[in-house]
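Single-letter residue listing:
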Amino acid sequence: MAAVDTTRRRAFTTYELVVLALLAALIAVSKAVLNLPLHVPGHSGAIWMAILLVGRALVRRPWAGTLLGLVSGILAVLIVGGREGLLVWVKYLAPGMMMDLGGLLSGERLDNPWVATLVGALSNAAKLTASLIVSLMLGIPAGYLAVGLGIAATTHVVFGALGGWLGTLVLRILRRLRVPAIEALISGGR
Amino acid sequence: MTEHEQGIRRRTIAIIAVAALLVLVGGAWLVEANLGAPREASRVRVTRGGRELATYTVDELRAMETVRFRQLGETQEGPSVRAVLERAGAGDFDRLTVIGLGVRDTGVLVLDRDRVTEDIVLDFAETRGTVKIAGPSITRDQRVRDVTELRVE
């Protein structure tokens, strides 16, 4: 099967959109259902960033990460909620955009563990930054937001990095399984 | 661009990305040190008539049995206020005043005894290392965040 440079094609195929929508639903559901009893801020990023990275690495197109983040954010408004209220979707969009930037600057090497770890850390940090900006825009005092910010930033980076690395493991397993639909997606055949 | 040049470019981007992360984390600690709440927000005092009956750190509260419920799409979880008061020897009271730092809210909530039911909890704010008062009968506007004192009368 001839590989196609999917990053040059503009429009998403229906198959790619379905994959992105399913992964977006998985992100929103994982955030709502998987409450790990870690009591550490940003720990959900380990799962969340892994799914985002898998989605962006499978659908290797500009804006795929942004779209994935946006759709999961819209779903999150409906089923997760948060301090940011109706603007919670911004918190999901930011890491998606960061994944796109990471994919672009790394030459679509998100399947490299080092690149994935770094992009995962940056994406989870982008989520925290977006959340803080939205909270400030909503009039929440900076003094309130500053409490625990140091540890929150540190753990967001650590768990985001872990999520990125986990994402590459999932990608490696998916490739080893040799599922035709996934192989076709990566090579741009669908 | 040659492969060597591409390698240098990617390495430069990686270094910039790592530097950005370090600046972000360092900046967060700096902001917290300058704007953050005092350490008293990480412990809750139980008092009666100006006398301190007990003090619990957030970790000590975490070790207690917790009550969990969902409100406004969010899970609230923490030890029951009643259980905390009983442990501190303040189970017998007519009125409870919950006092917080008052940065984001009024910082005070007064509850009569019959309103302090088992499902009124000190919910853990994971990102902050503090607790807030929450319960099905307490609206979002009434919540007191960063609780520092439970004053019984």
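Only a predicted model underlies this, so the values are computations on that prediction, with no experimental measurement involved.

Turning next to the overall build of chain A. Looking only at helices and strands, one finds eight helices and zero strands in chain A. Relative to its full complement of 190 residues, chain A shows a buried share of 53%. Partitioning the contacts of chain A with sequence separation of at least 6, the portion at a separation of at least 24 is 79%.

Glancing now at the nonpolar core. Here is a general trend for soluble globular proteins: nonpolar side chains tend to be buried in one another's company. Ranked by internal contacts, the top residues of the largest apolar core, which has 30 residues, are A:Ile27, A:Leu52, A:Leu58, A:Leu68 and A:Tyr92. Of all the elements in the fold, those that place two or more residues in this core are helix 1 (14-33), helix 2 (45-58), helix 3 (64-79), helix 4 (88-105), helix 5 (113-137), helix 7 (149-177) and helix 8 (180-187) of chain A. Looking at this core element by element, the count peaks at eight residues for helix 2 of chain A. Leave out the neighbours within four places in its chain, and A:Leu58 touches A:Leu171, A:Leu174, A:Ile182, A:Leu185 and A:Ile186. Judged by nonpolar contacts, the second largest core, of 28 residues, contains B:Met64, B:Ala90, B:Phe93 and B:Leu122.

Quick look at helix 8 of chain A now. A:Ile182, A:Ala184, A:Leu185, A:Ile186 and A:Ser187 are the residues of helix 8 of chain A that are buried. Its buried side turned inward, helix 8 of chain A meets helix 1, helix 2 and helix 7 of chain A.

Here six bridges tie strand 1 (residues 43-48) of chain B to strand 2 (residues 51-57) of chain B, and the two strands are oriented antiparallel to one another. Directly across from B:Arg45, in strand 2 of chain B, lies its bridge partner B:Thr55.

The next point concerns unusual backbone geometry. All names here are of chain A. Within the chain, Trp 63 stands out as a residue other than glycine whose phi angle is a positive 75°. Locating Trp 63 in the fold gives a position in the loop between helix 2 and helix 3. Residue Arg 178 is not a glycine yet carries a positive backbone phi of 55°. Residue classification places Arg 178 among the exposed positions, given a relative accessible area of 59%.

This part covers helix 7 of chain A. With 29 residues, helix 7 of chain A should cover 42 Å at 1.5 Å per step; its first-to-last C-alpha distance of 41 Å lies within 8% of that length. Remark: A:Arg178 follows helix 7 of chain A within two positions and exhibits a positive phi of approximately 55°.

Residues and elements named next belong to chain B. For chain B, the mean per-residue pLDDT works out to 89, and 95% of the residues sit at or above 70. The least confident element of chain B, judged by mean pLDDT, is strand 3 (residues 66-71) at 85; the most confident is helix 3 (residues 81-87) at 95. Scored by ipTM, the complex comes to 0.81, with pTM at 0.78.

This structure, assessed with the given rule, holds one aromatic pair over all chains. Ring centres of A:Trp48 and A:Tyr92 lie 4.4 Å apart, and the angle between their planes is 45°; this geometry places the pair in the tilted category. Remark: A:Tyr92 occurs in helix 4 and A:Trp48 occurs in helix 2; sequence separation between them is 44 residues. Of the residues examined, A:Tyr92 reaches a relative accessible area of 1% and is grouped as buried. The residue whose ring lies beneath B:Arg62 is B:Phe124, and the NZ or CZ to ring-centre distance is 4.6 Å. The cationic tip of B:Arg113 hangs over the ring face of B:Phe93; the distance from NZ or CZ to the ring centre is 5.1 Å.

Facing the 31 residues of chain B at the interface are 34 residues of chain A. Here chain B packs against chain A, burying approximately 2,800 Å² in sum over the two surfaces, 63% of which is carbon and sulfur. Of all residues in chain B, the largest losses of buried area upon contact with chain A belong to B:Arg104, B:Glu126 and B:Arg128, amounting jointly to 23% of the total for that side. Between chain B and chain A we count zero salt bridges in total. Mapped by element, the contributors of at least two residues to the side of chain B that touches chain A are helix 1 (3-35), strand 3 and strand 4 (74-79) of chain B. In terms of residues, the side of chain B that touches chain A owes the most to one element, helix 1 of chain B, which gives 14 residues.

All names here are of chain B. Read from one edge to the other, the open sheet built from five strands follows the order 2-1-9-5-6, with strand pairing classed as mixed. Looking at which strands have only one partner, the edges of the open sheet turn out to be strand 2 and strand 6 (108-112). Here the strands of the sheet are splayed against their neighbours by 15° on average, with no regard to which way each runs. Sheet topology places strand 5 (residues 95-100) next to strand 6; five bridges connect them, and they run antiparallel. Along strand 6, the bridge assignment pairs Thr 97 with Val 110.

Cut-offs and rules
Residues numbered from 1 in each chain as written. Chains lettered and ligands numbered in written order. Predicted model: local features only at pLDDT ≥ 70, side-chain atom pairs only at ≥ 80, totals over all residues. Heavy atoms only, no water. Helix = DSSP H or I, 4+ residues; strand = E, 2+ residues; numbered from the N terminus. Buried < 20%, exposed > 50% of the residue type's maximum accessible area, 1.4 Å probe, protein only. Contact = heavy atoms within 4.5 Å. Core = buried A, V, L, I, M, F, W, Y, C linked by side-chain atoms within 4.5 Å. Pairing = 2+ DSSP bridges. Expected span 1.5 Å × (residues − 1). pLDDT = per-residue confidence, 0-100. Phe/Tyr/Trp six-rings, centres within 6.5 Å; stacked < 30°, edge-to-face > 60°. Lys NZ or Arg CZ within 6 Å of the ring centre and 35° of its normal. Buried area = accessible area lost by both parts, 1.4 Å probe. Salt bridge = Lys/Arg side-chain N within 4 Å of Asp/Glu carboxyl O. Axes fitted to C-alpha atoms, helices over the stretch in contact; angles between N-to-C directions.

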